[in-house]
Amino acid sequence: MLMRLLHTSDWHLGRRFHGEDLIPAQRAFLDHMVGTARTEAVDAILVAGDIYDRAIPSLDAVRLFNRALHQLADLDVPVIMISGNHDSAHRLGVGSGLFTRAGIHLRTDPDTCDIPVVLNDADGPVAVYGIPYLEPSMVRTQLEAEAASHRAVLAAALHKIHTDLANHQPAGARSVVIAHAFVTPGTGQSEERRVEESASERDISVGGVAHVGADVFDGIDYVALGHLHGPQKITDHAHYSGSPLPYSFSETDHTKSLTLVDLTPGTAPAVTRLPCPTPHRLERIQGPLEDLLNHPARETLKEAWLEVTLTDPALPFEAMARLRRRFPHTLSLKHHQAFIPAQATDTPTYTERLRGRTELDIACDFIADLRGSAPTPDEHALLQQAVDAARVNELQKETV
């Protein structure tokens, strides 16, 4: 019989979607996940981080996670989960020793990344390792990494895992790694463009680089990834399951799913995407308000979560209220004035100037505007260090 794994990630329990409470939808997903695990007779469940949406989760989110833990324990199959960059590793890891007795293995400490949960089937053992999200500046010393970069700390964690495989696991043992990181195909920075990102993912850049090439996981039979919210294949052996629910309108084209993985010795894993239930489909529409309100073809959008972009010359009075009378689930309203040649201008708006700009870009623009020249390379490096330090300080406030 095949070793069958169910891979999921990025639950973000407690998150809201443009003001909508997602707790009921997240509860429905967790019920669906447990039912799928039973129906598909899986041998283990892998949860690749971002269990919660915030380091200090809401009481409703904690209650829902507690309910999920009981459901998972009742399945009587091993569950291996790691902390993500939204989680507080310390808080999530409380009680992990007791949870292990119920078959739920929480990996939130980098020191435990080379301690596998060993599964067995007719073809022998499968060693499953969990690497929690690694913030480079906070774990570099602990992992004895060569540098404070995502690649360096992940490479150090994988070195520990390969050492355990070589010295403590039987010859021929298959390996699975669960990780929460921004992983791209290949090794070069240009590969980043081949990966689908979403607006709902928090930036984890260090020194301007957020991603790591998939080659860091060479030699691992399956890599269960979390962080990116779109389900996608990175290599034959590395996949993102994606988030089970949409968390931004940039995910309109996603098919939310669970990832079913069948491990067969000597070949790439067989991966199947199993669709998840979502409370409403996502739609983006645009046009003049009166056209949107009166066009008969728009009737099918009444049950969709909508992002509406109005193209009227001026924002109409009570536009959101009028939209919601016809489309009750209108969640986001934008105004992008239709092009009028007589009013055309080459001066971009403040929003247009900031779109797609990072904190570092904005800081460099400020320097250039203030003194009339761009930052020198040394100044650019100092600004980059300041931006990185500010992000890590915020992370430490939330998680330590």
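Sequence order as written defines residue numbering, which begins from 1 separately in each chain. Confidence filtering applies because this is a predicted model: local features only for residues at pLDDT of at least 70, side-chain atom pairs given and counted only at 80 or more, and all residues used for totals across whole chains, interfaces and linings. Values shown for side chains rest on all heavy atoms present in the structure; no hydrogens or waters enter the calculation.

Draft legend 1. Layout of the packing of aromatic side chains. Under the pairing criterion, centres of Phe, Tyr and Trp rings, with the six-membered ring standing for Trp, must be within 6.5 Å; the plane angle then separates stacked pairs below 30 degrees from edge-to-face pairs above 60, leaving the rest tilted. Throughout the structure, instances matching the rule amount to four aromatic pairs. Their ring planes at 50° and their centres at 5.2 Å tell us that Phe-17 and Phe-249 sit as a pair that is tilted. Of the two residues, Phe-17 sits in strand 2 (residues 16-17) while Phe-249 sits in the loop between strand 14 (238-240) and strand 15 (257-263), which places them 232 residues apart along the sequence. Across the pair, Phe-249 and Phe-17 agree in class, each one buried. Centroid distance Phe-17 to Trp-305: 5.0 Å. Interplanar angle 25°. Geometry classified as stacked. For the purposes of this entry, the term helix denotes a DSSP run of H or I that reaches at least four residues, the term strand denotes a run of E that reaches at least two, and both are numbered from the N terminus. Each residue is assigned to one of three classes by its accessible area relative to the maximum for its type, calculated with a 1.4 Å probe on protein chains only: buried under 20%, partly exposed between the two thresholds, exposed over 50%.

Draft legend 2. Molecular detail of the nonpolar core. By nonpolar core is meant a set of buried Ala, Val, Leu, Ile, Met, Phe, Trp, Tyr and Cys residues that side-chain atoms within 4.5 Å join together. Within the largest apolar cluster, 36 residues are counted, with the highest numbers of intra-cluster contacts made by Ile-131, Val-177, Phe-217 and Leu-225. Those elements that place two or more of their residues in this core are strand 8 (124-131), helix 5 (136-143), helix 6 (150-168), strand 9 (174-180), strand 10 (182-184), strand 12 (222-226) and strand 14. Looking at which element gives the most residues to this core, the answer is helix 6, with eight residues. In this analysis, two residues are considered to be in contact whenever any of their non-hydrogen atoms come within 4.5 Å of each other. Apart from the residues lying within four places of it in its own chain, the contact partners of Leu-225 are His-7, Ser-9, Ala-48, Ala-179, Val-183, Phe-217, Ile-234, Ala-238, His-239, Tyr-240 and Ser-241. Membership of the second largest hydrophobic core comes to 31 residues, among which are Val-47, Leu-72, Val-79 and Ile-104.

Draft legend 3. Up close: the confidence of the model for the protein. The predicted model of the protein has a mean per-residue pLDDT of 90, with 91% of residues at 70 or higher. Known as pLDDT, the predictor's per-residue confidence is scaled from 0 to 100. This model gives residues 189-193 a pLDDT under 50, and the stretch forms nine contacts once residues within four places in sequence are excluded.

Draft legend 4. Representation of the side chain of Gln-232. Within the fold, Gln-232 resides in strand 13 (residues 232-235). Think of a polar contact as two N or O atoms within 3.5 Å of one another; within protein, one of them needs to be a possible hydrogen donor and the other a possible acceptor, and neighboring residues in sequence only count if both atoms come from side chains. Polar side-chain contacts of Gln-232 include one of 2.9 Å to the backbone nitrogen of Glu-196. Each residue touching Gln-232, except ones within four places of it in the same chain, is listed here: Val-195, Glu-196, His-239, Tyr-240 and Arg-273.

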